[in-house]
Amino acid sequence: MANRSEAPTAHPHGSSADPRLRGSWLARGKEGRFSLYLPRDGGVVRWTENAGGGWSGPVPIGGGSGGLLPGLSAGQGADGYVHLVALRSVAGGDPDRVELVHTTQYQTGRPALEWRSITHPNGAAHQWTGTPSVTVDGIGRAYVFCRNGGGGISVRAQKDAGGWHPWWDLHGSRTDPLPVAVTNGSGFVELYTLHATGLLRYVQRESGAKPVREDPLPTSVAAGTMAAVRGPSGHVTAFYLDVEGRVCAWSPERFPAPVPLGDAVGEGPLSAVRLSADGLEHTLLAQRDSSGRLQFASYPAEREEGAELRWTPSGPAVQGPPALTTDASGGVVAAALAPGGAPIVAGRGGGPGVPPGAWTRL
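These numbers come from a predicted model, not from an experiment. Numbering of residues begins from 1 in every chain and follows the order in which that chain's sequence is written. With pLDDT at 70 or above as the cut-off, local features in this predicted model cover only qualifying residues; side-chain atom pairs require 80 or more to be listed or tallied, and sums for whole chains, interfaces and linings still use all residues. Think of the side-chain values as coming from all heavy atoms in the structure, minus any hydrogens and water.

### Some words on the overall build of the protein
Within the protein, the secondary structure is distributed over zero helices and 32 strands. Scaling as 2.2 N^0.38, a compact globule of 362 residues should have a C-alpha radius of gyration of about 21 Å, and the protein matches this with 19 Å. With the C-alpha coordinates of the protein rotated into their principal frame, the extents come out at 50 × 50 × 40 Å. Only protein chains enter the accessibility calculation, which uses a 1.4 Å probe; a residue is then buried when its area is under 20% of its type maximum, exposed when over 50%, and partly exposed in between. Taken over 362 residues, the protein has a buried fraction of 54%. The long-range fraction of contacts in the protein, counting pairs at least 24 apart against all pairs at least 6 apart in sequence, stands at 44%. Accessible surface computed for the protein: about 14800 Å², of which carbon and sulfur atoms make up 47%. Between the centroid of the 31 positive side chains of the protein and the centroid of its 31 negative side chains there is a distance of 5 Å. Helix and strand definitions here come from DSSP, where helices need a minimum of 4 consecutive H or I residues and strands a minimum of 2 consecutive E residues; each element is numbered from the N-terminal end. For this measure, only C-alpha atoms enter the radius of gyration; the expected value for a globule follows 2.2 Å times N^0.38, where N is the number of residues. Contacts are assigned to residue pairs with any non-hydrogen atoms lying within 4.5 Å of each other. Residue exposure ignores everything except the shown protein chains as possible cover, and the areas themselves are Shrake-Rupley values with a 1.4 Å probe. Only four residue types enter the tally: Lys and Arg on the positive side, Asp and Glu on the negative side; His and the chain ends are excluded. We put the charge of a Lys on NZ, of an Arg on CZ, of an Asp on CG and of a Glu on CD.

Quick look at the structure:
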């Protein structure tokens with residue numbers, strides 16, 4: 001059973017018009033075209049960028065008989081494959097009992113695999129304990145992290161020859177139900193979350209090994225605000241809001257103590273992406289402000305000392321955090337949901353480190 005103090009007090013999955021989206025739900029394929037994935041009517045649908053411009057879709061992916069809840073977590077490997085994980089109500093059981101299901105999109109515009117159950121950290125089915133986070137290691141194995149019923153973190157990893165390892169209990173307690181998984185420059189996976197006393201990192205030290213929990217870093221963290229990105233050094237930087245409303249950066253392999261970057265413009269999750277263009281490396285952050293609009297701020301990648309975030313608004317009001325990625329030249333491409341749930345996308349703006357350009361409704 002989940003600890004009572006950690007169990008959600010309201011239905012956590014959202015509505016079909018306001019899904020909980022995590023990770024690479026906007027992804028660029030090997031040939032340079034983009035795919036956008038959203039939960040819709042008990043399944044997942046995909047829009048695909050056309051070779052000559054414009055978009056097609058939505059089309060359902062993964063087959064199955066529906067039953068998916070309105071949330072989606074995605075991770076993309078260096079091979080371009082997109083791994084999607086959703087929650088599904090267990091047929092014939094308690095409506096609050098869910099399992100995690102997984103599919104893979106191998107090529108832009110092609111059919112995805114059928115949804116397959118990967119169960120739940122607490123058994124074949126369990127009540128909601130957290131929203132999964134997905135990353136893919138350096139040789140293409142997916143890792144699905146999820147808060148478990150005890151408030152700690154569990155992970156399930158793909159095997160080299162197909163199939164999945166059992167769920168590994170990574171221990172911990174009172175963690176954030178929205179953990180953030182990322183792969184570092186060595187191809188090893190990391191997981192960032194918060195603990196009752198501060199920040200917590202789980203890190204893999206060998207390929208295919210179980211990630212190891214490190215000691216918590218005492219600091220103040222606002223729950224549900226974290227993002228993370230791999231920098232040009234290969235090390236990961238995590239971003240979060242502290243209880244004073246400041247955006248802070250923490251890169252355990254580069255500097256042991258968090259660095260404040262400036263005031264946030266809202267209270268919700270951050271999004272982050274690394275941009276590389278014209279020989280310049282930038283980290284771009286995004287957050288929804290109190291009016292619902294997205295604002296963007298950037299700084300030179302891995303130069304946190306002395307950085308000062310300057311926010312610039314872009315586009316209409318949206319619901320939830322955006323998905324951020326890059327085009328083939330290193331410029332930012334963003335996706336978000338307009339009120340009512342329709343996807344909107346924006347391409348590169350005026351140069352590296354700047355907000356995206358005009359937004360288009362799909």
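### A look at the confidence of the model for the protein
The quantity called pLDDT is the predictor's confidence in a given residue, expressed from 0 to 100. Put simply, the protein has an average pLDDT of 90, and 91% of its residues get 70 or more. Below a pLDDT of 50 lies the segment residues 1–17, which in the model reaches 31 contacts outside its immediate sequence neighbourhood of four places, other chains included.

### Topic: the packing of aromatic side chains
What counts as a ring pair is set by centres within 6.5 Å for rings of Phe, Tyr and Trp (its six-membered ring), and what kind of pair is set by the plane angle: stacked under 30 degrees, edge-to-face over 60, tilted for all other angles. The final tally for this structure, using the stated rule, is three aromatic pairs. Ring plane angle 90 degrees and centroid distance 4.6 Å describe the contact between Tyr 81 and Tyr 106, whose orientation is recorded as edge-to-face. In this pair, Tyr 81 is assigned in the loop between β7 (71–76) and β8 (82–89) and Tyr 106 in the loop between β9 (97–105) and β10 (116–119), connecting sequence segments 25 residues apart. For Tyr 106, a relative accessible area of 43% translates into the label partly exposed. When the centroid spacing of 6.5 Å and the interplanar angle of 70 degrees are considered together, the rings of Phe 239 and Tyr 299 count as edge-to-face.

### With respect to unusual backbone geometry
In this structure, Pro 58 follows Gly 57 across a cis peptide bond, with omega equal to 10 degrees. Turning to its location among the elements, Pro 58 is positioned in strand β6 (residues 55–61). In this structure, His 171 takes a positive phi of about 70 degrees despite not being glycine. Taking the relative accessible area as the measure of exposure, His 171 reaches 52% and is therefore exposed. Positive phi values are uncommon outside glycine, yet Glu 302 reaches one of about 60 degrees. Take Glu 302: it is sitting in the loop between β27 (293–300) and β28 (312–317).

### Digging into the pattern of salt bridges
For salt bridges, the criterion is a side-chain nitrogen of Lys or Arg within 4 Å of an Asp or Glu carboxyl oxygen. Across all of its chains, the model carries 14 salt bridges by this definition. The closest approach of N and O atoms between Arg 205 and Glu 214, which form a salt bridge, is 3.0 Å. Given a relative accessible area of 21%, Glu 214 falls into the partly exposed group. Glu 281 is the salt-bridge partner of Arg 274, the closest N and O atoms lying 2.9 Å from each other. By relative accessible area, Arg 274 is classed as partly exposed at 28%.

### Thoughts on the sheet that holds strand β3 (residues 26–28)
Pairing between strands requires that DSSP locate at least two bridges from one strand to the other. One open sheet accounts for four strands, arranged β3-β4-β5-β6; its pairing is antiparallel. At either end of the open sheet lies a strand with only one pairing partner, and these are β3 and β6. Adjacent strand axes in the sheet meet at a mean angle of 25 degrees when their direction is disregarded. Bridge count for β3 against strand β4 (residues 34–40) is three bridges, and the pairing is antiparallel. Its bridge partner lying in β4, Ala 27 is registered against Ser 35. Fitting a line to C-alpha atoms yields each axis, with helices limited to the stretch in contact; the angle taken between N-to-C directions then spans 0 to 180 degrees.

### A short note on the side chain of Ser 314
Inspection of the secondary structure assignment puts Ser 314 in strand β28. Ser 314 gets classed as buried once you look at its relative accessible area, which sits at 7%. For Ser 314, the residues in contact, after removing those within four places along its chain, are Arg 293, Leu 294, Phe 296, Pro 355, Pro 356, Gly 357 and Trp 359.

### Let's talk about a nonpolar patch on the surface
There is a patch of nonpolar side chains on the surface, built from Tyr 81, Tyr 106 and Leu 113 and spanning about 270 Å² of accessible area. Its place among the elements puts Leu 113 in the loop between β9 and β10. The exposure class of Leu 113 is partly exposed, given its relative accessible area of 39%. Within the patch definition used here, like charges are joined within 9 Å and nonpolar side chains (Val, Leu, Ile, Met, Phe, Trp, Tyr) within 5 Å, considering only residues with over 30% relative accessible area and no salt bridge.

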